[in-house]
Amino acid sequence: MKEIQTIQSQTKTIKTTERISGSEAIIKCLLAEGVDIIYGYPGGAIMPVYDELYKYQDDIHHVLTRHEQGATHSAQGYARISGKVGVAIATSGPGATNLITGIADAQIDSTPMVCITGQVGSHLLGSDAFQETDIVGISTPVTKWNHQITKASEIPEVFAKAFYIAKSGRPGPVLIDITKDAQFEEFDYSYEKCTGIRSYKPVPETDITTLETAADLINTAKKPMVVWGQGVILGEAENEFKAVIEKAGLPSAWTILGASAIPTSHPLNVGMVGMHGNYAPNVLTNECDVLIAIGMRFDDRVTGNLATYAKQAKIIHFEIDPAEVDKNVKTDVAVLGDAKTSLKALLPLLNENSHTEWHQKFKDLYQIEFDKVIKNDLYPTKEGLTMGEVLKEINIQTKGEAAIVSDVGQHQMIACRYADFNVSKSNITSGGLGTMGFALPAAIGAKMAAPEREVVMIAGDGGYQMTIQELGTLFQQRVPVKIVVLNNEFLGMVRQWQQLFFDKRYASTEMVNPDFVAIAKGYHIDAKKVTQRDDLKSAVTEMIDCQGPYFLEVCVEKEDNVFPMIPTGASVSDIRLE
C-alpha cells in the first residue's frame, strides 16, 4: 500500500514522495521524461518492470519487437525523426547483449537513446548466475554513459542523469542496468529532472575571436566550400545554416547523415561527399581555398587518404565535441559550441557574396557526372531495372517529402544519392557503423514517431533478411511503413568490391533468396513483386496509396555498380566514374 509523505528540504521547497517499488519508479521516471513509446522484449530479470508496464499501458505504449536488436534500431528511428530520446528495454544476459549492435550504432551516429536492462539479484552478481552477464563492462566502449543500479533509491537520480546525458550536447546512448531485487524493493520516490552535472559541460562556450577569424577567412576566400554533417540537424540549426550559406554564397556539400538539412534542390546544395558521393564536391575539396566543416567529424569515408585531403585549404571546423577537433584533420580555426548558436553569431560577420565563377566549376563537373553516371542510373536504356530509377519514381510520387529509411549497401548509397530530401530529418540510415538490418526496425520507430509522414524503407535482399523477423512487429502494431527491397540476388556492395578489386571472385556473396512476397503475405502485409519497367510506376502508386504496411520487391540488375567511387586509401581527387 502506497504511503504519501511530504518532506521539507533545507531550502524550504516542498517535495512530495510516495512509497513505491523500484519497478514502478522506473515507469514513473519514464513518464516524467515524457516517454510515450518504448521498444523491448521481456524476460525473467526485467519481469517486475513489465508487470508495472501492464498497469500503465494507457500511459506508455510498449512495442514488442521480435529481437532485442530490433528494439534498439526502432528506438533509433524514433529518435532520429522526432529529436526525442528513444527507449529500449531488455532482460539480462542474451537480452542485454543483443542490444549492443544498436547501442554501438547510436553511439557513432550520435543518436539519443536510453537502454534499460534487467540484471540478476545483487547477491548473485559475479557468480555466473543464470543469464548473468557484465553488460556494464560490455557496453562501456559504446555508450556515452552507463550505470548499474543495485538499490531502488538510486533509480530517480540515475534516470534523470541518463536522459540528460543522452540528449544534451552531442547526443548518444546511455545504458541503465537494474538488479532484480532493486526492482522489487520499495522506497520513498520523488523525481527531479536533471539540468546539469558537475564536471560535465555538454556545450562548450563559443569564443567570439574564433568566429571573427572564421568570418575573415570566409570573407576573403575565392573558392570557399562547406561540408556539413548531422550536427546541423541535431542542433536544429537548419534555418541558421541556410541563412549563412545564402548570404556568403557558399557551395555546400553534405555527409550522408547531414542530408536533408536543406532541400536537395537548393541552388547551393552541391551534393554528397565521400566514397560514393558526387563528383564535383569530392574533386573540388582538393581545390577550395577555405573548407568550412559544420557539425561533421571528418570520417574516413568522407576524407579518403588524409595525407592528400584538402592540403591547400584553410580548415574551419564548427563542432560541439572538442574531441573531434584535430582528431583526423588539422584545423586552422576551431569554433566550438552549439551549431545553432555559432551560426547565428557568425551571420552578421559575413559579407554578402556570390562566387559565380567558382559555382560554375561545380556545375561543369556535375554535367560530367550526369553524362557518365546519373543519366544511366535514372534514365537507363538497358532492359533491366536500375536502383536509381526506383528512387526516381518514389521521388515523383512522394514529392520528395517522404522520410527515407535505408539499410546498408549499394541501395543505401543509391538512396542517399538520388532520393529528394525536401524536409529535414528525412534521411535515416546507419552511417558510422554501417549496420545491415537497421532499416526495417528503424522504419517502424520512425513511422510511430511521425505518423503524419510517409516513411519509405529501402533495403537490399541481404540486409533485409538480417531483421526480417520484425515483420511480426510491423504486423502486430499495424504500422503503415512502405517496404521496398531492391533485389539483385547479391550482397551487392561486397560483390562490387570483388568485381573491381578481386578479379570477380564472388566468394560467398551470391544470395539464394526465399519468396519475399509470400513471406510478407504470411504476415498479412500487402505485397507485390516487379520485374519489368512497365510495371514499376503502377506498383509504386499502389504502395503509396495503401493505408497499411506494404511490401514491394523490385528485381534489379544483378551486377550494377554504384559510381562514382573513391577506392579505399585513395585521394578524393582520384574518384572513379566507371
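Residues numbered from 1 in each chain as written. Predicted model: local features only at pLDDT ≥ 70, side-chain atom pairs only at ≥ 80, totals over all residues. Heavy atoms only, no water.

Colleague: I'd love a proper account of the pattern of salt bridges, names of residues and values included.
Modeller: Under the defined criterion, the tally for this structure stands at 21 salt bridges. The partner of Asp 503 in a salt bridge is Arg 505, and the shortest N-O contact between them spans 3.4 Å. Residue class for Asp 503 comes out exposed when judged on its relative accessible area of 63%. Lys 558 serves as the salt-bridge partner of Glu 510, at 3.5 Å between the closest nitrogen and oxygen. (Salt bridge = Lys/Arg side-chain N within 4 Å of Asp/Glu carboxyl O. Buried < 20%, exposed > 50% of the residue type's maximum accessible area, 1.4 Å probe, protein only.)

Colleague: Quick one: what's the story with helix H14 (residues 339–346), residue by residue and with numbers?
Modeller: Among all positions in H14, only Ala 339, Ser 342, Leu 343 and Leu 346 are buried. Along the axis of H14, the buried positions cluster into a sector of 95°, meaning they face one direction only. Buried residues along H14 sit against helix H9 (208–220), helix H10 (231–234), helix H11 (238–248), strand S13 (290–294), strand S14 (314–319) and strand S15 (333–336). For H14, the capping residue at the N-terminal end is Asp 338, with a side-chain oxygen 3.2 Å from the backbone nitrogen of Lys 340. (Helix = DSSP H or I, 4+ residues; strand = E, 2+ residues; numbered from the N terminus. Arc of directions from axis to C-beta. Contact = heavy atoms within 4.5 Å. Polar contact = N/O pair within 3.5 Å; in protein donor to acceptor, adjacent residues only side chain to side chain.)

Colleague: Go over the sheet that holds S13, please, and point to the residues and values.
Modeller: Sheet architecture is open: 6 strands sit in the order S12-S11-S10-S13-S14-S15, paired in parallel fashion. This sheet does not close on itself; its edge strands, each paired only once, are strand S12 (269–272) and S15. On average, adjacent strands in this sheet sit at an angle of 20° to one another, irrespective of strand direction. For S13 and S14, the ladder comprises 5 bridges, and the chain directions are parallel. The residue bridging Val 290 from the neighbouring strand is Lys 314, located in S14. In the packing of H11 onto the sheet, contacts are made with strand S10 (224–228), strand S11 (252–254) and S13, and the angle to S10 comes to roughly 165°. (Pairing = 2+ DSSP bridges. Axes fitted to C-alpha atoms, helices over the stretch in contact; angles between N-to-C directions.)

Colleague: Explain the nonpolar core to me, using residue names and the numbers behind them.
Modeller: Within the largest apolar cluster, 99 residues are counted, with the highest numbers of intra-cluster contacts made by Leu 291, Ile 316 and Phe 318. Broken down by element, the residue count for this core peaks at 6 residues, all from helix H15 (residues 356–378). Domain assignment of the residues forming this core places at least three in each of domain 2 (208–361) and domain 3 (379–555). Setting aside residues up to four positions removed in sequence, Leu 291 forms contacts with Met 225, Val 227, Phe 298, Tyr 309, Ala 310, Ala 313, Lys 314, Ile 315 and Ile 316. Leu 99, Ile 100, Ala 403 and Ala 446 belong to the second-largest nonpolar core, a separate cluster that totals 49 residues. (Core = buried A, V, L, I, M, F, W, Y, C linked by side-chain atoms within 4.5 Å. Domains from an automatic or database assignment.)

Colleague: Now, about the packing of aromatic side chains: what can you tell me, with residues and values included?
Modeller: According to the stated counting rule, one finds 11 aromatic pairs in the structure shown. Here the aromatic rings of Phe 187 and Tyr 189 are separated by 6.2 Å at their centres, their planes lie at 85°, and the arrangement is edge-to-face. The residues Phe 187 and Tyr 189 share a single accessibility class, namely buried. Ring centres of Phe 516 and Phe 551 lie 6.4 Å apart, and the angle between their planes is 45°; on these two criteria the pair is classed as tilted. Of this pair, Phe 516 sits in helix H22 (residues 516–522) while Phe 551 sits in strand S21 (residues 550–555), and the two are 35 residues apart along the sequence. Through successive ring pairs, a cluster of aromatic residues spans Tyr 464, Phe 516 and Phe 551. (Phe/Tyr/Trp six-rings, centres within 6.5 Å; stacked < 30°, edge-to-face > 60°.)

Colleague: I'd like a description of the domain arrangement of the protein, backed by residues and values.
Modeller: In terms of domain boundaries, the protein breaks down into domain 1 (16–189), domain 2 (208–361) and domain 3 (379–555). The gap between the C-alpha centroids of domain 1 and domain 2 is 37 Å. The partner domain 2 presents 7 residues to the 7 residues of domain 1 that form the contact. Surface buried jointly by domain 1 and domain 2 totals about 640 Å² across both partners, of which 53% is contributed by carbon and sulfur atoms. One salt bridge in this structure joins Glu 324 and Arg 170, with 2.7 Å as the shortest N-O distance. In terms of residue class, the side of domain 1 that touches domain 2 is built from 2 nonpolar, 2 polar and 3 charged. (Buried area = accessible area lost by both parts, 1.4 Å probe. Nonpolar A, V, L, I, M, F, W, Y, C, P; charged D, E, K, R; others polar.)

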